[in-house]
Number of protein chains: 2
Amino acid sequence: MYMNVKYYPSEIQRFCCEVLEGAGVRRSDAEIVARNLTAADRRGIESHGIMRLPSYVARLEAGVMEKETVTRVVRETRAIAVVDAANGLGAVASTFAMKLALRKSEECGVGIVGVKSSNHYGIAGFYAMMALSRDMIGLSFTNAVPAMAPWGGRAAYIGTNPICVAIPAGVERPIVYDGATSVVAKGKIMLAQKKRVPIPPTWAADGWGRPTTDPDVALSDGVLLPFGGYKGSGIALALDVLCGVLPGGAFGFGVAAIAALDRSTEVGHLFAALDIAAFSPVGEFKEKVDRMIREVRATPPAEGIERIYVPGEIEFEKEVESDTNGIAISQAVLDELHGCASKYGVELMKPVSGSRA
Amino acid sequence: MYMNVKYYPSEIQRFCCEVLEGAGVRRSDAEIVARNLTAADRRGIESHGIMRLPSYVARLEAGVMEKETVTRVVRETRAIAVVDAANGLGAVASTFAMKLALRKSEECGVGIVGVKSSNHYGIAGFYAMMALSRDMIGLSFTNAVPAMAPWGGRAAYIGTNPICVAIPAGVERPIVYDGATSVVAKGKIMLAQKKRVPIPPTWAADGWGRPTTDPDVALSDGVLLPFGGYKGSGIALALDVLCGVLPGGAFGFGVAAIAALDRSTEVGHLFAALDIAAFSPVGEFKEKVDRMIREVRATPPAEGIERIYVPGEIEFEKEVESDTNGIAISQAVLDELHGCASKYGVELMKPVSGSRA
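Residues numbered from 1 in each chain as written. Chains lettered and ligands numbered in written order. Predicted model: local features only at pLDDT ≥ 70, side-chain atom pairs only at ≥ 80, totals over all residues. Heavy atoms only, no water.

On to helix H2 (residues 27-42) of chain A. Residues and elements named next belong to chain A. Taking 1.5 Å per residue, 16 residues should reach 22 Å; H2 reaches 22 Å between its end C-alpha atoms and fits that length. The complete set of buried residues in H2 reads Asp29, Ala30, Ile32, Val33, Ala34, Asn36, Leu37, Thr38, Ala39, Ala40 and Asp41. Looking at the buried side of H2, the elements it contacts are helix H1 (9-22), helix H3 (53-62), helix H4 (90-108), helix H5 (125-128), helix H11 (313-325) and strand E12 (327-330). (Helix = DSSP H or I, 4+ residues; strand = E, 2+ residues; numbered from the N terminus. Expected span 1.5 Å × (residues − 1). Buried < 20%, exposed > 50% of the residue type's maximum accessible area, 1.4 Å probe, protein only. Contact = heavy atoms within 4.5 Å.)

Structure (structure tokens):
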């Protein structure tokens, strides 16, 4: 059993930023990446939080991810653009791209920006949610290293390419749907492996394409299963076109894992912003979304269910909890982080007082 | 057992067109709706084909759907628009809207058009595929009458709101993903009911939100289940915002069933077109999509699987089969169609010769 010590988001932010600076990333870029990782941990999406930092550092040190992110707009109209991230940091290139989409949306009602030759961009919601304060709907998609088979197959070709839609509300909190196109994140299978417990047969298949409950089998020669069977597989494939092929970047086997330290990952993204005011009166839109949220919550629950959640609601509640009580980080992750810290002479994170108890 | 007599698409087109004209729809509009219904049958999507015609006629006769479709652009920028369909025919308003999206995309690289106060629009793919010949990616979404519960609930609030993405290829056929956000279409449960066979427990829930294998229970006080569990539920809800709330239209309980002959359905749609040339060289894009299609097909199949299909491939093969051998229509559907025909003095469809054998 790991002991989970807790840390305030500000400490996670500070630590990530200093480590990245230590690895040669300039301060302003390090801050963006740190904000992205911290946002994931605050929202309870541990798999995309500070535990990713060592993998970023490893790529920077191996020279297969650029320390300096030089974003270049290679194609542009009033409403769309393509950004070449030139193998820079995914969060830096993506923040640049989403900001560009927001500016275009302000002028045209919609802005769409594709990014090629990028890297792991963290949680999709980080970018989509940038639209919310501007009364825009934000969308964020990325492709990723092959992890799922096309439906009916038994070899990985499609990434767990996530979908995120962020929708502003009025007095209620926004609706934020953010999910991979696999049934579960790979991290959950890795956790089961660590705990030596079986996984449900809907999560992964073995090397023959047969459902497996053995996390070892799933992670060795198996594949993750898409959500919704052939539907999830089809949507994930379409996202590989939108994020990979459309911006003129890599797709399918052309996208590499973060762990592959001998080459660039060639990840691609697509961001969109829809300016609500261009479509309908903002006040009316927000009132309707508030009503929708309340009607969803008021749905009579199924047997055994206590409460109906709106997409994103659990994550917003987790943010409050994280800011109040801190974020638990497992000893295994801390050990890796301490390695980074000592290498660059970064001060360790100070735990929330009493959180060890 | 029903006997399935077959008909060529041209006869289905002719018949639908004449019946709609009989019901008071002007010829050019009747042709569009007929093309939409015929396209569904050609592609093997029987649930959205000519079997829908009697329900359209019933709405026209009851005066709850306008015979004349007056589309009005109520909001517009260079890249986006909102169309008020004023309770006209869904396929007519949607064809107008998608064409507008294509024009905008030509100018801006992207065009997005929302439609409010519309009606059932048939298969989503009909509109998305209009983008293909222009070397654009087409997207098509609609909301629909509540049929699924928000995840964890047991009462219908969200429609089976479909997602369609149509992607041009080079020498290969396009990738066309077109699917509802429910595990299966309601029509499949109705078919099981007719055949008196149980349904898989993943398709629907009873009035308590418990999975059911009884089609009667599913269709009386039950709900359809979303594809991919909470993920499909979240995506379907987001689509209700994009198709319903964003264009200033109805959502949730505000959308009515086609069968509700006492009110307008208030269905909303969203269409998008992305001009490939604005993002990357078209030739390169198509070569990559061709490669993707071949790589997907070449995936080693899982145990018991003979062939891996690309999204849309089954439907394209079905089109060829339909054009060659005709489309099977069940006697139950024919009986209803004959009712329409005799009312308006329309000549019955001539079966493919020998198809009764």
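Next comes the rest of the description.
What follows deals with the environment of Ala278 of chain B. For Ala278 of chain B, the position within the fold is in helix H9 (residues 276-279). Linking Ala278 of chain B and Glu107 of chain B, residues 171 residues apart in sequence, is a C-alpha distance of 9.5 Å. With residues up to four places along the chain from it excluded, the contact list for Ala278 of chain B reads Arg75, Thr77 and Ile80 of chain A together with Gly109 of chain B.

Turning next to the pattern of salt bridges. Side-chain pairs of opposite charge can arise where the charged atoms are in close proximity. All names here are of chain A. In the structure shown here, the tally under the stated rule is 53 salt bridges over all chains. With its nearest N and O atoms 3.1 Å apart, the salt bridge here joins Arg297 to Glu172. You can see Arg297 sitting in helix H10 (residues 282-297) and its partner Glu172 sitting in the loop between strand E6 (163-167) and strand E7 (175-179), a full 125 residues away along the chain. With a relative accessible area of 18%, Glu172 lands in the buried category. (Salt bridge = Lys/Arg side-chain N within 4 Å of Asp/Glu carboxyl O.)

Let us look at the packing of aromatic side chains. Under the defined criterion, the tally for this structure stands at 11 aromatic pairs over all chains. For the pair Tyr157 of chain B and Phe253 of chain B, a centre-to-centre distance of 4.8 Å together with 80 degrees between the ring planes defines the contact as edge-to-face. Taken together, the residues span a long stretch of sequence, with Tyr157 of chain B in the loop between strand E5 (136-142) and strand E6 (163-167) and Phe253 of chain B in the loop between helix H8 (230-245) and strand E11 (267-275) at a distance of 96 residues. Lying over the aromatic face of Phe316 of chain A, Arg43 of chain A brings its terminal NZ or CZ to 4.6 Å of the ring centre. (Phe/Tyr/Trp six-rings, centres within 6.5 Å; stacked < 30°, edge-to-face > 60°. Lys NZ or Arg CZ within 6 Å of the ring centre and 35° of its normal.)

In this section: the pairing of strand E5 (residues 136-142) of chain A. Residues and elements named next belong to chain A. Burial of E5 is extensive: 7 of the 7 residues sit out of reach of the surface. Of the two faces of E5, the one holding Met136, Gly138, Ser140 and Thr142 and the one holding Ile137, Leu139 and Phe141 are both buried throughout. Pairing between E5 and strand E11 (residues 267-275): 7 bridges, direction antiparallel. Looking at E11, one finds that Leu139 is bridged to Ala272. Here 4 bridges tie E5 to E6, and the two strands are oriented antiparallel to one another. Across the sheet, residue Ser140 finds its bridge partner in E6, namely Cys164. (Pairing = 2+ DSSP bridges.)

A word on the relation of the copies chain B and chain A. For the pair chain B and chain A, the superposition axis carries a translation of 0.0 Å, the fit reaches an RMSD of 0.0 Å, and the rotation angle comes to 180 degrees. With respect to symmetry, the two chain copies, as superposed, fit the operation of a two-fold axis. The C-alpha atom lying nearest the rotation axis in chain B is that of Gly228 of chain B; the distance is 2.0 Å. Interface overlap between copies: 100% of the residues of chain B at the interface are likewise at the interface in chain A, consistent with a symmetric, same-surface contact. (Least-squares fit on C-alpha atoms with pLDDT ≥ 70 in both.)

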